[in-house]
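Observations on the model geometry
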Amino acid sequence: MKPNETLLNTLLVDNNNKIRFTDDEIGDEHIMTSVDTPMREDAFDLSDDEKMAQIEYHFKQIMETLGLDLTDDSLKGTPKRVAKMYVKEIFSGLDPKNMPSVALFENKYQYNEMLVEKNISFYSNCEHHFVPIFGKAHVAYIANGQVIGLSKLNRIVQHFAKRPQVQERLTMQIAKELQKLLGTDDVAIMIDAKHLCVASRGVKDDTSSTVTSYYGGKFLEESTKAEFLKYIAM
């Protein structure tokens with residue numbers, strides 16, 4: 001083992017505080033390697049049209065490798081449809097230009113209690129197998145002088161969901177973005193979701209769901225956390 005490397009619960013942490021896993025460990029255990037979505041430096045050098053053209057070409061190769069007949073009327077347009085879906089829809093959250101614009105408003109009502117927006121529906125995709133993750137997000141914050149429009153909470157959740165994800169990272173990305181926008185640590189997030197990488201392959205368990213949470217600021221206090229959980233259960 002190299003200097004400054006620590007073996008913790010059989011996970012190897014290097015000098016850059018990055019945990020190293022095997023491909024099998026990452027995929028089957030649904031592990032994330034960082035809070036930020038892993039992106040190449042040249043991720044946005046290509047235009048959306050250029051990306052769609054490349055994806056269309058490569059997806060056509062995948063379909064042909066699987067033995068599918070792309071002269072069939074039902075299949076011949078699939079590579080183009082998939083390319084457009086990837087870039088313009090289900091992975092559009094990768095591009096910072098698609099971050100929803102957010103306007104904050106002065107808290108003129110002097111509402112200083114918790115605000116909870118619960119049961120926000122979202123669809124994402126597992127970054128290990130590229131199959132859907134879907135569920136509900138519950139978002140809460142305590143205003144620090146400014147408030148955000150309710151629909152913007154939904155849009156922020158959906159923006160970060162529209163990229164290859166792991167649920168832990170999705171939870172933290174939503175929380176960190178709201179803390180930055182609102183200028184307060186007093187943010188809580190809970191996500192309850194089903195993963196088709198668990199339900200439709202591998203262990204094939206269709207009844208389980210995964211719950212993740214983030215608590216910041218006042219939500220670390222047991223009484224505030226309990227109030228948040230009470231509202232979710234209502």
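The name an unreviewed UniProt entry gives the protein chain is GTP cyclohydrolase 1, with Arcicella rosea as the organism. UniProt lists a comment for the protein chain under the heading Subunit (unreviewed entry), and it reads "Homopolymer." Turning to the protein chain, the UniProt record has this under Sequence similarities (unreviewed entry): "Belongs to the GTP cyclohydrolase I family."

Before going further, it helps to spend a moment on the packing of helix H2 (residues 48–65) against helix H3 (residues 78–90). Interaxial distance between H2 and H3 falls to 8 Å at its minimum, and their mutual angle equals 135°. Classified by the angle their axes make, H2 and H3 are oblique. Judged by the twist between their axes, the crossing of H2 over H3 is right-handed. Two secondary-structure elements touch here, H2 through Asp 48, Lys 51, Met 52, Ile 55, Glu 56, Phe 59, Lys 60 and Met 63 and H3 through Thr 78, Pro 79, Lys 80, Val 82, Ala 83, Lys 84, Tyr 86, Val 87 and Lys 88. Here the residues of the contact of H2 with H3 sort into nine nonpolar, one polar and seven charged.

Attention now goes to the side chain of Thr 171. Within the secondary structure, Thr 171 sits in helix H5 (residues 167–182). A distance of 2.6 Å separates a polar atom in the side chain of Thr 171 from a polar atom in the side chain of Thr 212.

Under the definition given, this model contains eight salt bridges. Across the pair Arg 40 and Asp 42 runs a salt bridge, and its minimum N-O distance is 2.8 Å. Accessibility expressed as a relative area gives 61% for Arg 40, which makes it exposed. Given a relative accessible area of 34%, Asp 42 falls into the partly exposed group. Between Lys 97 and Asp 48 there is a salt bridge, with the nearest N and O atoms lying 3.4 Å from each other. Here the residue Lys 97 occupies a position in the loop between H3 and strand S4 (104–106), and Asp 48 occupies one in helix H2, the gap between them amounting to 49 residues. Using a relative accessible area of 54% as the deciding quantity, one classes Lys 97 as exposed. Asp 48 gets classed as buried once you look at its relative accessible area, which sits at 16%. Among the ionic contacts, a cluster of salt bridges with common partners joins Asp 48, Lys 88, Asp 95 and Lys 97.

One finds Phe 122, Ile 174, Leu 178, Ile 189 and Ile 191 to be the most contacted residues of the largest nonpolar core, which totals 25 residues. Listing elements by their share of this core, those giving two or more residues are strand S5 (114–126), strand S6 (132–142), helix H4 (150–161), H5 and strand S9 (187–195). The contacts of Leu 178, once residues within four sequence positions are left out, are Val 139, Ile 148, Leu 153, Ile 156, Gly 183, Val 187 and Ile 189. Of all hydrophobic cores here, the second largest spans nine residues; its members include Ile 142, Ala 188, Tyr 215 and Phe 219.

So, about the environment of Ser 200. Within the secondary structure, Ser 200 sits in the loop between helix H6 (196–199) and strand S10 (210–215). Remark: the alpha-carbon pair of Ser 200 and Val 131, spanning 69 residues in sequence, is separated by 9.0 Å. At 2.5 Å, the side chain of Ser 200 forms a polar contact with the backbone oxygen of Leu 196.

Okay, the sheet that holds S5 next. Strand order in the open sheet formed by five strands is S8-S5-S6-S9-S10, with mixed pairing between adjacent strands. With partners counted over all chains shown, the strands left at the sheet margins are strand S8 (164–165) and S10, one partner each. Bridging between S6 and S9 involves nine bridges; their strand directions are antiparallel. Looking at S9, one finds that Ile 133 is bridged to His 195.

Considering the arrangement of structural elements, one finds Arg 163 in the loop between H4 and S8. Of the buried charged residues, Arg 163 lacks a salt bridge, with Asp 36 as the closest side chain of opposite charge at 7.2 Å. Those residues in contact with Arg 163 that lie beyond four places of it in its chain are Thr 37, Ile 90, Phe 91, Gly 93, Leu 94, Ser 124, Asn 125 and Gln 173.

This paragraph deals with the packing of aromatic side chains. Scanning all chains against the criterion turns up five aromatic pairs. Seen in terms of ring centroids, Tyr 215 and Phe 228 are 6.1 Å apart; in terms of plane orientation they differ by 80°. Their pairing is edge-to-face. You can see Tyr 215 sitting in strand S10 and its partner Phe 228 sitting in helix H7 (residues 222–233), a full 13 residues away along the chain. Each of the two residues, Tyr 215 as well as Phe 228, counts as buried. Taken together, a centroid distance of 5.9 Å and an interplanar angle of 80° make the contact between Phe 219 and Phe 228 edge-to-face.

The rules behind these values
- Residues numbered from 1 in each chain as written.
- Predicted model: local features only at pLDDT ≥ 70, side-chain atom pairs only at ≥ 80, totals over all residues.
- Heavy atoms only, no water.
- UniProt positions renumbered as here; feature names shortened; annotations may be inferred.
- Axes fitted to C-alpha atoms, helices over the stretch in contact; angles between N-to-C directions.
- Helix = DSSP H or I, 4+ residues; strand = E, 2+ residues; numbered from the N terminus.
- Parallel < 35°, antiparallel > 145°, perpendicular 65-115°, else oblique.
- Left-handed = near helix turned anticlockwise from the far one by under 90°.
- Contact = heavy atoms within 4.5 Å.
- Nonpolar A, V, L, I, M, F, W, Y, C, P; charged D, E, K, R; others polar.
- Polar contact = N/O pair within 3.5 Å; in protein donor to acceptor, adjacent residues only side chain to side chain.
- Salt bridge = Lys/Arg side-chain N within 4 Å of Asp/Glu carboxyl O.
- Buried < 20%, exposed > 50% of the residue type's maximum accessible area, 1.4 Å probe, protein only.
- Core = buried A, V, L, I, M, F, W, Y, C linked by side-chain atoms within 4.5 Å.
- Pairing = 2+ DSSP bridges.
- Lys, Arg positive; Asp, Glu negative; His and termini not counted.
- Phe/Tyr/Trp six-rings, centres within 6.5 Å; stacked < 30°, edge-to-face > 60°.

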